[in-house]
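As a plain string of letters, each chain reads:
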Amino acid sequence: MDPRRSAGTPARQQNPPPRLNAALAAARRGWPVFPLHPYSTFPAVEDWDNAATTDADAITEIWSQAAYNVGIACRRAGLVVIDLDPARGSPAPPEWADLGVTHGRDVLRILAQRAGEPEPVNTYSVITPGKTGPPGTGEHRYFTAPAGATLRNTAGDRGNGLGWHVDTRADGGFVVAGGSVRRVNGRPRLYHVIRDLPVAPLPRWLVTELTPPPPQPRIPLQLPRGTRRDAYVRAAVVNEAAHVEHAQPGTRADTLFAAAAALGELVGNGLLDEQTAETALLNAARHHDGVQNWNSAEARRHVRNGLERGKANPRPLDGLTA
């Protein structure tokens, strides 16, 4: 792709399609964009990370087809976006309840204070529509990702984030661009820029917080050996672990549960030790830690649920002799 074209502007149209200007504005900043379904936050294309583009002609052609919202691929844009949401009536967890927080902004400010740093606020920022409109609006604060770093996406309400109602979008994530529109209670609500500032570098203390931990060493497995049934069990463990390790985002939970259920059937008939099955699957699932909100706690939950399902339905192996 010719970078000179990526910053260009197509011929002026009398009635440019809705959201086209938003897509072009993001592309002029060097942020690859892709279409989201109209009034939605869901991608309208598969493999959106690779489909995203800064080519003005391609963008004009895509957004001429429908009133697509605009997604920005954070990894390719070199962005880390902090997503701050209001409480919307949900009670704060114990560690925040006594601090009077009502919004992710409050949490981020407190986190900065604890780190001995100023609140990271002076950067390009977008107000996001709330589910019920103001005052239930959120905020996206954009930061440049440090060169060479792979920072994780987080979800503050799932135990792996920075704090309550503070999410992040980085490598493997996307953000809805300013100029996009959602319907709230039947009315259109705009993602609008509130601070049209240069994008600030991500503060060092946040880089530290968002850097994934080093991968834990795989625990050696003790698999049975010596009989046809042993060989069958070993192959089952290896195959199910491979399915988990190579699962794509969006399928990981189902894949892990199915793999655990399959091995649980062998546990249920006494051919496989439960701890061995759990260890093999958790080793495989560590490949996904920190990618698009995946974490070890979620993996462990799916493994345990799947093993319980499988143990309740032991797999018959009458055709295999010992």
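Reading the values: rules and limits
- Residues numbered from 1 in each chain as written.
- Predicted model: local features only at pLDDT ≥ 70, side-chain atom pairs only at ≥ 80, totals over all residues.
- Heavy atoms only, no water.
- Helix = DSSP H or I, 4+ residues; strand = E, 2+ residues; numbered from the N terminus.
- Contact = heavy atoms within 4.5 Å.
- Pairing = 2+ DSSP bridges.
- Axes fitted to C-alpha atoms, helices over the stretch in contact; angles between N-to-C directions.
- Salt bridge = Lys/Arg side-chain N within 4 Å of Asp/Glu carboxyl O.
- Buried < 20%, exposed > 50% of the residue type's maximum accessible area, 1.4 Å probe, protein only.
- Core = buried A, V, L, I, M, F, W, Y, C linked by side-chain atoms within 4.5 Å.
- Phe/Tyr/Trp six-rings, centres within 6.5 Å; stacked < 30°, edge-to-face > 60°.
- Lys NZ or Arg CZ within 6 Å of the ring centre and 35° of its normal.

Engineer: How should I be thinking about the side chain of His 140 in this particular structure?
Structural biologist: Mapping His 140 onto the fold places it in strand β5 (residues 138-144). Those residues within four positions of His 140 in sequence are excluded, and the remaining contacts are Val 81, Ile 82, Asp 83, Tyr 124, Ser 125, Val 126, Thr 128, Val 175, Val 176 and Tyr 191.

Engineer: Where do I start with the sheet that holds strand β1 (residues 33-36) in this structure?
Structural biologist: Within a sheet, neighbouring strands are paired by backbone hydrogen bonds and run either parallel or antiparallel to one another. With antiparallel pairing, three strands are arranged side by side in an open sheet as β1-β2-β7. Both edges of this open sheet fall to β1 and β7 (174-176), since each of them pairs with a single strand only. Mean inter-strand twist for the sheet, computed between neighbouring axes without regard to direction, equals 35°. Where strand β2 (residues 69-73) meets β7, three bridges bridge the pair, whose relative direction is antiparallel. Its bridge partner lying in β7, Gly 71 is registered against Val 176. Together, β1 and β2 form the strand contacts of helix α4 (residues 56-63), whose direction differs from that of β1 by roughly 5°.

Engineer: Can you walk me through the pattern of salt bridges in this structure?
Structural biologist: Pairs can form between side chains of opposite charge whenever their charged atoms are close. This structure, assessed with the given rule, holds 12 salt bridges. Asp 171 serves as the salt-bridge partner of Arg 75, at 3.9 Å between the closest nitrogen and oxygen. Taken together, the residues span a long stretch of sequence, with Arg 75 in helix α5 (residues 74-77) and Asp 171 in the loop between β6 (166-169) and β7 at a distance of 96 residues. Asp 171 sits in the partly exposed class, given a relative accessible area of 26%. A salt bridge links Arg 141 to Glu 139; the shortest N-O distance between them is 2.8 Å. Residues joined in a network through salt bridges with shared partners are Arg 105, Glu 119, Glu 139, Arg 141 and Arg 195.

Engineer: Is there a simple way to explain the pairing of strand β4 (residues 125-128) in this structure?
Structural biologist: Where burial is concerned, the two faces of β4 agree: the one with Ser 125 and Ile 127 and the one with Val 126 and Thr 128 are both buried. Summarising the sheet, β4 and strand β10 (residues 192-195) pair through three bridges and their orientation is antiparallel. The residue of β10 that forms the bridge with Val 126 is Val 193.

Engineer: Please explain unusual backbone geometry as it appears in this structure.
Structural biologist: With the exception of glycine, the majority of residues adopt a negative phi angle, and the majority of peptide bonds are in the trans configuration. For Arg 19, which is not a glycine, the phi torsion comes out positive at approximately 70°. The topology assignment puts Arg 19 in the loop between α1 (3-6) and α2 (20-28). Classification of Arg 19 as buried rests on a relative accessible area of 14%. Although it is not a glycine, Asp 47 sits at a positive phi angle of roughly 50°. Along the chain, Asp 47 falls in the loop between β1 and α3 (48-51).

Engineer: Before we go on, may I ask you to explain the nonpolar core in this structure?
Structural biologist: For soluble globular proteins, nonpolar side chains are generally found buried alongside one another. Counting residues in each nonpolar core, the largest one holds 32 residues, and the members touching the most others are Trp 31, Val 33, Ile 59, Trp 63, Ile 72, Leu 79 and Tyr 142. Mapped by element, the contributors of at least two residues to this core are α2, β1, α4, β2, α5, β3 (79-84) and β7. The element contributing the most residues to this core is α2, with six residues. With near-sequence residues (within four places) excluded, Val 33 lies in contact with Ala 23, Ala 26, Ala 51, Ala 52, Thr 53, Ile 59, Trp 63, Val 70, Gly 71 and Ile 72.

Engineer: What is the right way to read the packing of aromatic side chains from this model?
Structural biologist: Geometrically, a pair of aromatic rings is defined through the distance of the ring centres and the angle of the planes. This model, assessed by the stated rule, comprises seven aromatic pairs. Ring plane angle 75° and centroid distance 5.5 Å describe the contact between Trp 31 and Tyr 124, whose orientation is recorded as edge-to-face. Here Trp 31 is found in the loop between α2 and β1, whereas its partner Tyr 124 is found in the loop between α7 (104-114) and β4, with 93 residues between them in sequence. Measuring from centroid to centroid gives 5.3 Å for Phe 34 and Phe 174, while their planes differ by 85°, and the two rings are edge-to-face. Separated by 140 residues along the polypeptide, Phe 34 in strand β1 and Phe 174 in strand β7 bring together distant segments of the chain. Note on accessibility: Phe 34 and Phe 174 belong to one class, buried. Members of the aromatic cluster, joined through ring pairs, are Trp 31, Tyr 124 and Tyr 142. For Arg 19, the ring lying beneath its charged end belongs to Tyr 39, and the centroid distance is 5.5 Å. Against the face of Tyr 39 rests Arg 183, its NZ or CZ located 3.8 Å from the ring centre.

Function cannot be read off these values alone, since they describe shape.
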